[in-house]
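Here are the chains, one letter per residue:
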Amino acid sequence: MIGLDPAKIEGWDPEPVQAALARGQARFDDHGIEADMCLVALDENPEATIVESLTSADYACVVVGGGIRKHEPLLELFEKVVNLVRQHAPDAAIAFNSGPEDSADAALRWLRQE
């Protein structure tokens, strides 16, 4: 799962999102799916962090989080993320969640098709 690091976004309380991410990670565990989380900070070279994560293992599916996808000022980053996945994890399906807690559901839509 690739998303924004809520602890690195200034001006708001990251705790609710961190709790939702933990619940979302637990849903992967409930389904017996090994899942890694790549949380990026916008001011800390997110592309390099994403490439490092994508090349650290073979992935069947990569979920791109709504924080990157839904916020219009991040459209360019979203495009980069999709293309980085295509380049560095070409065999992985790409899925999109609607929130931090349904990432497993997003991945399962594609993992069930294999």
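Residues numbered from 1 in each chain as written. Predicted model: local features only at pLDDT ≥ 70, side-chain atom pairs only at ≥ 80, totals over all residues. Heavy atoms only, no water.

Asks: How should the side chain of Asn97 be read in this particular structure?
Replies: Mapped onto the elements of the fold, Asn97 is located in the loop between strand S4 (93-96) and helix H5 (103-111). Looking at Asn97, the relative accessible area reads 4%, which means it is buried. Here the side chain of Asn97 touches Ser103 through a polar contact of 2.8 Å, side chain to side chain. Here Asn97 is in contact with Met1, Val63, Val64, Gly65, Gly66, Arg69, Asp102, Ser103 and Ala106, once residues within four sequence places are set aside. (Helix = DSSP H or I, 4+ residues; strand = E, 2+ residues; numbered from the N terminus. Buried < 20%, exposed > 50% of the residue type's maximum accessible area, 1.4 Å probe, protein only. Polar contact = N/O pair within 3.5 Å; in protein donor to acceptor, adjacent residues only side chain to side chain. Contact = heavy atoms within 4.5 Å.)

Asks: Just checking my understanding: could you explain the environment of Leu77 for this structure?
Replies: Positionally, Leu77 belongs in helix H4 (residues 75-88). Taking C-alpha positions, Leu77 is 17 Å from Ala89, a pair spaced 12 residues apart along the chain. Contacts of Leu77, omitting those with residues within four sequence positions, involve Leu42, Pro46, Glu47 and Ile68.

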